[in-house]
Amino acid sequence: MKAPVIIAACASLTVLALAARPVAVEAQGGGAQGPTSDLTTQCASCHALTKPANPTVEHLWTRKGPDLWYAGDKFNRDWLVSWLQNPTTIRPGGVMWFKHAKAGDPHDTIDTATVEKHPKVDAATAEKLADALLLLKSGLVTEGAYKPEAANMTMGKLAFGKLRGCVACHQDAQGQGGLSGPQLYDASKRLKPDYVITYTRNPQQFDPHIWMPTLTLSEPDLQRLTGYIVSLGKEDK
């Protein structure tokens, strides 16, 4: 395999997202607030609905879908209800991009035919699943962490595209950016700003083995970058 752009991208900033795949199975783990029956029958075969007691690299590498035990911190309800009825690709390279890499010229690419699609659910089921997912909270995200008055779109865009290397793994416009992380061009609809800034500040507090680096950004830099990310997709409303 040739020296891949995708592998290089993996070492750069990876900010977030969802790639759910509901299937019938029993729930994983246990916690103070257990998942509802809707989730345990629809989602638990592919997602951790409670925080793993002892997260390992193996858990990260073998999971079929991203962890959802902090979904309530992460997702906006309207987007979640809509997406569950008509799923679109959020992670261009799949949950684990290297499983879908193929040799290409001049660099490796993603074999999109091998990236599994999320099944659709009807409107009533989507409402139930969304409500259940939004009950799942991590206790790590503080309401009001993001301060919109501190945002600077120009500097945030510069940080995303050049200064902090986010674009190596993420797309802020369709077809523009990396493939190893979730796309962010609809982040304003999908993600809660307080989650974005909290996750960007320290991804490893959510998963100690995740490859997204902790960049030790200053608070003003975090606010600017978050402001830019959560502005993406607003023009489509």
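For the structure itself, look to the data block above.
Not measured: the values here are computed from a predicted model.

### Some remarks on the nonpolar core
One finds Leu-39 and Leu-80 to be the most contacted residues of the largest nonpolar core, which totals 49 residues. Every element with two or more residues in this core is listed here: helix 5 (77–85), helix 6 (123–133), helix 7 (153–163), helix 9 (193–201) and helix 10 (219–229).

### Notes on the packing of helix 5 against helix 6
Remark: helix 5 packs on helix 6, axes separated minimally by 8 Å, with the N-to-C direction vectors making an angle of 135°. Here helix 5 lies oblique to helix 6, going by the angle between them. Note that helix 5 runs across helix 6; the crossing there is right-handed. Packed against helix 5, whose contacting residues are Arg-77, Leu-80, Val-81, Leu-84 and Gln-85, the element helix 6 presents Ala-123, Ala-126, Glu-127, Leu-129, Ala-130, Asp-131 and Leu-133 at the interface. Broken down by class, the residue content of the contact of helix 5 with helix 6 amounts to 8 nonpolar, 1 polar and 3 charged.

### With respect to a nonpolar patch on the surface
A cluster of nonpolar side chains, namely Met-155, Leu-158 and Leu-163, defines an oily patch on the protein surface of about 260 Å² accessible area. One can find Leu-158 in helix 7. Its relative accessible area of 34% is what places Leu-158 among the partly exposed residues.

About the thresholds
- Residues numbered from 1 in each chain as written.
- Predicted model: local features only at pLDDT ≥ 70, side-chain atom pairs only at ≥ 80, totals over all residues.
- Heavy atoms only, no water.
- Core = buried A, V, L, I, M, F, W, Y, C linked by side-chain atoms within 4.5 Å.
- Buried < 20%, exposed > 50% of the residue type's maximum accessible area, 1.4 Å probe, protein only.
- Helix = DSSP H or I, 4+ residues; strand = E, 2+ residues; numbered from the N terminus.
- Axes fitted to C-alpha atoms, helices over the stretch in contact; angles between N-to-C directions.
- Parallel < 35°, antiparallel > 145°, perpendicular 65-115°, else oblique.
- Left-handed = near helix turned anticlockwise from the far one by under 90°.
- Contact = heavy atoms within 4.5 Å.
- Nonpolar A, V, L, I, M, F, W, Y, C, P; charged D, E, K, R; others polar.
- Patch = residues over 30% accessible without salt bridge, like charges linked within 9 Å, V, L, I, M, F, W, Y side chains within 5 Å.
- Areas by Shrake-Rupley, 256 points an atom, 1.4 Å probe, with all protein chains shown as cover.
- Salt bridge = Lys/Arg side-chain N within 4 Å of Asp/Glu carboxyl O.

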